[in-house]
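Structural description and commentary
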Amino acid sequence: MDSIDKLLAEIQAEYAEIKTQLQQPQLPTAKPFIASSHKSNSLMDNLLAEVKADLLERDAAEELRKQQELEQLKAKQLETLQKQAQEWLSKLDPFSPEGLWFEHFAEAYSSKLEAAIEYLQTNS
């Protein structure tokens, strides 16, 4: 922000200088005015480029924050699902029709917990 403040101060100083020159009765000369105008445009371009870069940086930071929040939410949901699946597995009677079906269903997964999570997600 320091550089933006410096640029703004330079632009204001140039504006004040031009305003003072215009108020003084002199013969107008085109060359200094054009050079000053060109310098002012260059400073304005630099200022705009810095503002744009700052906005892009803020947008990137906001996007990163949103992604982190989403990851945290997913991790929390997975933790909740794991607890529910563990509880469901502890209550499941392995010799009931549902228990026998689940044993067969769980063969396609690396663990019964993973199978229970998938089962609970699809049946919620």
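Residues numbered from 1 in each chain as written. Predicted model: local features only at pLDDT ≥ 70, side-chain atom pairs only at ≥ 80, totals over all residues. Heavy atoms only, no water.

Attention now goes to the packing of aromatic side chains. Summed over the entire model, instances satisfying the criterion amount to eight aromatic pairs. Note on Phe 105 and Tyr 119: the rings are 6.2 Å apart at their centroids and 65 degrees apart in plane angle, and the pair reads as edge-to-face. Here Phe 105, found in helix H3 (residues 97–106), pairs with Tyr 119, found in helix H4 (residues 112–122); they are 14 residues apart in sequence, far enough to count as distant. Among the aromatic residues, those joined into a cluster by ring pairs are Trp 88, Trp 101, Phe 102, Phe 105, Tyr 109 and Tyr 119. (Phe/Tyr/Trp six-rings, centres within 6.5 Å; stacked < 30°, edge-to-face > 60°. Helix = DSSP H or I, 4+ residues; strand = E, 2+ residues; numbered from the N terminus.)

Taken N-terminus to C-terminus, the directions of H3 and H4 make an angle of 110 degrees; their axes are 9 Å apart at the nearest point. Overall, the two elements H3 and H4 adopt an arrangement that is roughly perpendicular. In contact with Glu 98, Trp 101, Phe 102, Glu 103, Phe 105 and Ala 106 of H3, H4 contributes Lys 112, Ala 115, Ala 116, Glu 118 and Tyr 119. For the contact of H3 with H4, the class distribution of residues is seven nonpolar, no polar and four charged. (Axes fitted to C-alpha atoms, helices over the stretch in contact; angles between N-to-C directions. Parallel < 35°, antiparallel > 145°, perpendicular 65-115°, else oblique. Contact = heavy atoms within 4.5 Å. Nonpolar A, V, L, I, M, F, W, Y, C, P; charged D, E, K, R; others polar.)

Another aspect to go through is the nonpolar core. Nonpolar side chains tend toward joint burial in soluble globular proteins. Judged by nonpolar contacts, Leu 81, Ala 85, Trp 88, Leu 89, Leu 92, Phe 102, Ala 106, Ala 115, Ala 116, Ile 117, Tyr 119 and Leu 120 together constitute the single largest core of 12 residues. Of all elements in the fold, only helix H2 (30–91), H3 and H4 reach the threshold of two or more residues within this core. Among the elements that take part in this core, H4 stands out by supplying five residues, more than any other. Setting aside chain neighbours within four positions, we find Ala 106 in contact with Lys 112 and Ala 115. Counting five residues, the second-largest nonpolar core is a separate cluster that includes Ile 4, Leu 7, Ile 11 and Leu 47. (Core = buried A, V, L, I, M, F, W, Y, C linked by side-chain atoms within 4.5 Å. Buried < 20%, exposed > 50% of the residue type's maximum accessible area, 1.4 Å probe, protein only.)

Attention shifts here to the pattern of salt bridges. Applying the stated rule across the entire model yields six salt bridges. Among the ionic pairs, Glu 79 bridges to Lys 83, the shortest N-O distance being 3.6 Å. Residue Glu 79 and its partner Lys 83 are both found in helix H2; the two are separated by four residues, about one turn of the helix. On the accessibility criterion, Glu 79 (42% relative accessible area) is partly exposed. Judged by relative accessible area, which is 57%, Lys 83 ranks as exposed. Note that Lys 112 is salt-bridged to Glu 103, the shortest N-O span being 2.6 Å. Through salt bridges that share partners, Glu 62, Arg 65 and Glu 69 make up one connected network. (Salt bridge = Lys/Arg side-chain N within 4 Å of Asp/Glu carboxyl O.)

Below, the discussion takes up the confidence of the model for the protein. On average, the protein scores 85 in pLDDT, and the residues at 70 or more come to 85%. When mean pLDDT is taken per element in the protein, H3 scores highest with 95 and helix H1 (residues 2–23) scores lowest with 76. (pLDDT = per-residue confidence, 0-100.)

Moving on: H3. Taken residue by residue, H3 has Gly 99, Phe 102 and Ala 106 as its buried positions. Seen along its axis, H3 keeps its buried residues to an arc of 60 degrees; they face one direction. Exposed residues lying more than 90 degrees from the buried face of H3 are Pro 97 and His 104. (Arc of directions from axis to C-beta.)

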